[in-house]
Amino acid sequence: MYLPAAFAVPELDELHRIVREHPLGMLVTQGADGLDANHLPFELDTDAGPHGVLLAHVARANDVWQRVGDGAQVLVVFRGAQGYVSPNWYPSKALTHRHVPTWNYEAVHVHGRLRVRDDGTSVRRIVARLTRRHEAREPRPWKMGDAPAEYLDALLKMIIGIEVEIERIEGKRKLSQNREPGDFAGVVRALRDSGQEELARAMERVAPRG
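Residues numbered from 1 in each chain as written. Predicted model: local features only at pLDDT ≥ 70, side-chain atom pairs only at ≥ 80, totals over all residues. Heavy atoms only, no water.

Caption draft 1: Representation of empty space enclosed by the protein. Using the criterion set out here, one finds 1 cavity of 30 Å³ or more in the structure. Roughly 50 Å³ of internal volume is contained in the largest cavity. If you trace the largest cavity, you find it lined by Val19, Arg20, Pro23, Phe42, Glu43, Leu44, Arg133 and His134. Contributing elements (two or more residues each) for the lining of the largest cavity: helix H1 (12-21), strand E3 (43-45) and helix H4 (120-135). (1 Å grid on protein atoms, 1.4 Å probe; cavity = no way out; pocket = protein on both sides within 12 Å on 5 of 7 lines; lining within 4 Å. Points joined across faces, edges and corners; volume = space filled by probe spheres on them. Helix = DSSP H or I, 4+ residues; strand = E, 2+ residues; numbered from the N terminus.)

Right, here's the structure in full:
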């Protein structure tokens, strides 16, 4: 990805935060028929391997796990906070009119190798991790044990577990860091006024000093 130094994210914990807060990733693969993409919720396990592992599952009927194969190089793209920025939000626009529209966003690219997990233990472990993560916010979290055993076993046989062994991770935050403080504050203010709180908070993490 095009990554100017001003927009690069060097902090690994920030890259992990974006992935965890926006877990629906786009798995990009290259096969005999060309490029393909699948949109999957991923769980990040930072304790596995030297750089961590992404966990997910696909339907057994989705032949990506057969077409690409174990050990293939893949890319997973995560998109964080994002939104349109109008030139009218810059206070200096009234003085110079030298501004144009843009788009602010956060993105993380994870490069790694695909590992196919087609055994019951691995598939159940991956599903359990994803379930615990996303049910944690519920007042009465659903557990795999809440479903009848034979029903759950049948469903688990219909999916394939996948892991992405992370080899490289890079991120970009294009969040008006290159603007003057007054114009930066104007964008944050306009975002909040239009209900885009997540993007406003993301910008405040990288607010310019001065």
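Here the narrative resumes, following the displayed structure.
Caption draft 2: Fine view of the packing of H4 against helix H5 (residues 149-156). Running from N to C, H4 and H5 point in directions that differ by 105°, and their axes come no closer than 10 Å. Comparing their axes, H5 and H4 come out roughly perpendicular. Mapping the contact onto sequence places Val123, Arg124 and Val127 in H4 and Leu152, Asp153 and Leu156 in H5. Here the residues of the contact of H4 with H5 sort into 4 nonpolar, no polar and 2 charged. (Axes fitted to C-alpha atoms, helices over the stretch in contact; angles between N-to-C directions. Parallel < 35°, antiparallel > 145°, perpendicular 65-115°, else oblique. Contact = heavy atoms within 4.5 Å. Nonpolar A, V, L, I, M, F, W, Y, C, P; charged D, E, K, R; others polar.)

Caption draft 3: Region of interest: helix H7 (residues 197-205). Buried residues of H7: Leu199, Ala200, Ala202 and Met203, and no others. On an axial view of H7, the arc spanned by its buried residues comes to 160°, and they lie on one face. (Buried < 20%, exposed > 50% of the residue type's maximum accessible area, 1.4 Å probe, protein only. Arc of directions from axis to C-beta.)

Caption draft 4: Spotlight on the nonpolar core. Formed by 26 residues in total, the largest nonpolar core has its most connected members in Leu27, Phe42, Leu54, Val76, Phe78 and Val164. Those elements that place two or more of their residues in this core are H1, strand E4 (53-59), helix H2 (64-67), strand E5 (73-85), strand E6 (102-117) and strand E7 (159-174). The contact partners of valine 76, leaving out residues within four places of it in the chain, are Gly25, Met26, Leu27, Phe42, Leu54, Val108, His109, Val110 and Val164. By size, the runner-up hydrophobic cluster in this structure holds 13 residues, among which are Val187, Leu199, Met203 and Val206. (Core = buried A, V, L, I, M, F, W, Y, C linked by side-chain atoms within 4.5 Å.)

Caption draft 5: Looking closely at H4. A rise of 1.5 Å per residue sets the reference length of H4, with its 16 residues, at 22 Å; its end C-alpha atoms lie 22 Å apart and thus fit the reference within 8%. Restricting attention to buried positions, one finds in H4 the residues Ser122, Val123, Ile126, Val127, Ala128, Leu130 and Thr131. In this structure, the buried residues of H4 make contact with strand E2 (34-41), E3, E4, E6, H5 and E7. (Expected span 1.5 Å × (residues − 1).)

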